[in-house]
Amino acid sequence: MKELQEELTNTEVEATSAGGGVTVTISGAQVPISCTVSDELLAQGAYAVSDAVSVTVKEAHANSVEYAKGRMSELYKDIGLPMDAMGMGGPPS
C-alpha cells in the first residue's frame, strides 16, 4: 500500500483544453502541480482564461481520480478484496 501511495504522489496526470490553451497537471493523489496558459488564450481576456482553467482543472481532477481508482482496483484484485471494501466501488448504500 505504501508503494502505491508513493506512486500516486509521484504520478502526474494532465488535462488540456481550450485548443491547447490550458494545461493542468495534478498528481495521482489529487494534488495540483501546475497550470499553464498560452499567450493566445491570454489575449482572449480574463473570462476566456477563467472559463478554460475551470474546465481543465475539473477534467484533470477527474482524470487523476480515475487513475487512482484504477490503481487501487488493481491492488485490491491482487490481494483478493472487492473495491467496495474501501467504499470506492458502486453507489452508496
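First things first, this report covers the structure right here in the doc. Computed from a predicted structure; not experimentally measured.

Let us look at helix α3 (residues 46–79). Between its terminal C-alpha atoms α3 stretches 49 Å, which fits the 50 Å expected from 34 residues at 1.5 Å a residue. Among all positions in α3, only Ala48, Val49, Ala52, Thr56, Ala60, Ser64, Ala68, Met72 and Tyr76 are buried. Looking at the buried side of α3, the elements it contacts are α1 (2–10), β1 (12–17), β2 (22–27), β3 (32–37) and α2 (39–42). Of the residues one or two after α3, glycine 80 is the one with positive phi, at around 80 degrees.

So, on to the pattern of salt bridges. This model, assessed by the stated rule, comprises three salt bridges. A salt bridge links glutamate 6 to lysine 2; its shortest N-O distance comes to 3.8 Å. In this pair, glutamate 6 and lysine 2 are both assigned in helix α1, four residues apart and thus about one turn of the helix distant. A salt bridge links arginine 71 to glutamate 74, with the nearest nitrogen and oxygen atoms 2.3 Å apart. Taken as a pair, arginine 71 and glutamate 74 lie in helix α3 at a separation of three residues, close to a single helical turn. Overall, arginine 71 belongs to the partly exposed group, its relative accessible area being 23%. Among the ionic contacts, a cluster of salt bridges with common partners joins Glu7, Arg71 and Glu74.

On to the pairing of β1. Residues Val13, Ala15 and Ser17 line the buried face of β1, whereas the alternating positions Glu12, Glu14 and Thr16 sit on a face that is not buried. Where β1 lies against β2, six bridges are found, and the strand directions are antiparallel. Within β2, the position partnered with serine 17 by the bridge is valine 22. The hairpin turn running from β1 into β2, its antiparallel successor, is four residues long, and alanine 18 in that turn takes a positive phi close to 55 degrees.

About the thresholds
Counting restarts for each chain: residues are numbered from 1 in the order of the written sequence. With pLDDT at 70 or above as the cut-off, local features in this predicted model cover only qualifying residues; side-chain atom pairs require 80 or more to be listed or tallied, and sums for whole chains, interfaces and linings still use all residues. As a convention, hydrogens and water are excluded, and side-chain values are obtained from all of the structure's heavy atoms. Helix numbering and strand numbering both begin at the N terminus, where a helix is a DSSP run of H or I of at least 4 residues and a strand a DSSP run of E of at least 2. Helices are assigned an expected span. That span is 1.5 Å times one less than the residue count. Note on classification: 1.4 Å probe, protein chains only; a residue is buried when its accessible area is under 20% of the maximum for its type, exposed when over 50%, partly exposed between these limits. Every residue pair with non-hydrogen atoms within 4.5 Å of one another is taken to be in contact. A side-chain nitrogen of Lys or Arg and a carboxyl oxygen of Asp or Glu constitute a salt bridge if their distance falls within 4 Å. In this description, strands pair whenever DSSP reports at least two bridges between them.

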